[in-house]
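Residue-level structure breakdown
The lines below spell out each chain.
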Amino acid sequence: MTRRSLIAGNWKMNGTRASLGELRAMVDAARGGLSASVDLLVCPPATLLSAAVEAAGEVLALGGQDCHTAASGAHTGDVSAPMLADLGARFVIVGHSERRADHGETDALVAAKAKAAWDAGLVAVICIGETEAERKGGETLSVLGRQLAASVPDGATGANTVIAYEPVWAIGTGLTPTVADVADAHAFMRRTLEERFGAGEGGAVRLLYGGSVKPSNAAELLAVANVDGALVGGASLKAADFIAICEAAPRG
Ligand SMILES: O=C[C@H](O)COP(=O)(O)O
């Protein structure tokens, strides 16, 4: 099955209106031909989403970093999936390990957020990944199996879902798993999705690797079987780095 590469930038809690210059440089690169062969996605903070959508046009997709399970209501400070869609977002990240750690998000809550995303017509980018202790304990694949089972709702398809594998210990640390370890994790995720959703949809869901992806290691990581793109944190804040990572993606 051919899956088009998706390079997604997660700006996390970084960026002010001045950062839109970086976004515009990404958009220029996309218009210059980059988006012909690779899908580009940037998830800025919610405060920048509206302006980012205006700057990006059709060549680069925008997404939220989280959404509430409800469409509206008395939830001070939260943002709903229909609100993101209303601004022009097409994707939303759910279950990032920083949300799981900072806000105690459980697999069940993440699954409910993914469903809320689908209901609003958004693609859910569902994040999973083991902690350092779990990796040292040899539990990586069992953790991934458990998170896939409980964080990904029934009804996932290649059109409504992207899975991002982010080892927690690799996020923002400069550390990455070996290529062999990434290959094992992604092969396991692919098998698990195909068993549950069938070869068609399970084979169509894009699997991103995330955790310290940068221009210097992107080509090696993106060439691994079943790695269909990357979820990039720090390196997505600078257009030159993000563009270099996109250029390293296999063309499809
Ligand atoms: O969502 C992105 C990831 O958490 C990766 O962050 P990083 O590229 O800064 O390690």
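Everything that follows concerns the structure shown earlier in this document.
Residues numbered from 1 in each chain as written. Predicted model: local features only at pLDDT ≥ 70, side-chain atom pairs only at ≥ 80, totals over all residues. Heavy atoms only, no water.

A few words now on the pattern of salt bridges. This structure, assessed with the given rule, holds 14 salt bridges. The shortest N-O distance in the salt bridge between Arg206 and Asp39 comes to 2.8 Å. Separated by 167 residues along the polypeptide, Arg206 in strand S7 (residues 206–210) and Asp39 in strand S2 (residues 39–43) bring together distant segments of the chain. For Arg206, a relative accessible area of 14% gives the class buried. (Salt bridge = Lys/Arg side-chain N within 4 Å of Asp/Glu carboxyl O. Helix = DSSP H or I, 4+ residues; strand = E, 2+ residues; numbered from the N terminus. Buried < 20%, exposed > 50% of the residue type's maximum accessible area, 1.4 Å probe, protein only.)

Moving on, we get to the sheet that holds strand S8 (residues 229–232). One key point about sheets: their strands pair by backbone hydrogen bonds, in either a parallel or an antiparallel sense. Within the closed barrel, the eight strands sit side by side as S1-S2-S3-S4-S5-S6-S7-S8. Their pairing is parallel. Direction aside, the axes of adjacent strands within the sheet are offset by 25° on average. Across two bridges, strand S3 (residues 61–64) lies against strand S4 (residues 91–94) in parallel orientation. From the neighbouring strand, Gly64 faces S4, where its bridge partner is Val92. (Pairing = 2+ DSSP bridges. Axes fitted to C-alpha atoms, helices over the stretch in contact; angles between N-to-C directions.)

Within strand S6 (residues 161–165), five of the five residues are buried, leaving the element largely enclosed by the surrounding structure. Side chains Thr161, Ile163 and Tyr165 project from S6 onto one buried face, and the interleaved Val162 and Ala164 project onto a second face that is buried too. The sheet contact formed by strand S5 (residues 123–128) and S6 spans five bridges and is parallel. Directly across from Ala124, in S6, lies its bridge partner Thr161. In terms of strand pairing, S6 meets S7 through four bridges, oriented parallel. Note that in S7 the partner of Ile163 across the bridge is Leu207. Taking the sense of rotation as the criterion, the β-α-β connection linking S6, helix H8 (residues 179–204) and S7 turns out right-handed. (Right-handed = clockwise from strand over helix to strand, strands pointing away.)

Size it by volume and the largest pocket reaches roughly 500 Å³. Lining the largest pocket are 19 residues; nearest its centre among them are Lys12, Met13, Gln65, Asp66 and Arg99. The biggest single contributor to the lining of the largest pocket is helix H4 (residues 97–103), with four residues. Its volume calculated, the second largest pocket comes out at about 230 Å³. In terms of lining, the second largest pocket is formed by 18 residues, of which the most central are Gly172, Ser212, Gly233, Gly234 and Ala235. (1 Å grid on protein atoms, 1.4 Å probe; cavity = no way out; pocket = protein on both sides within 12 Å on 5 of 7 lines; lining within 4 Å. Points joined across faces, edges and corners; volume = space filled by probe spheres on them.)

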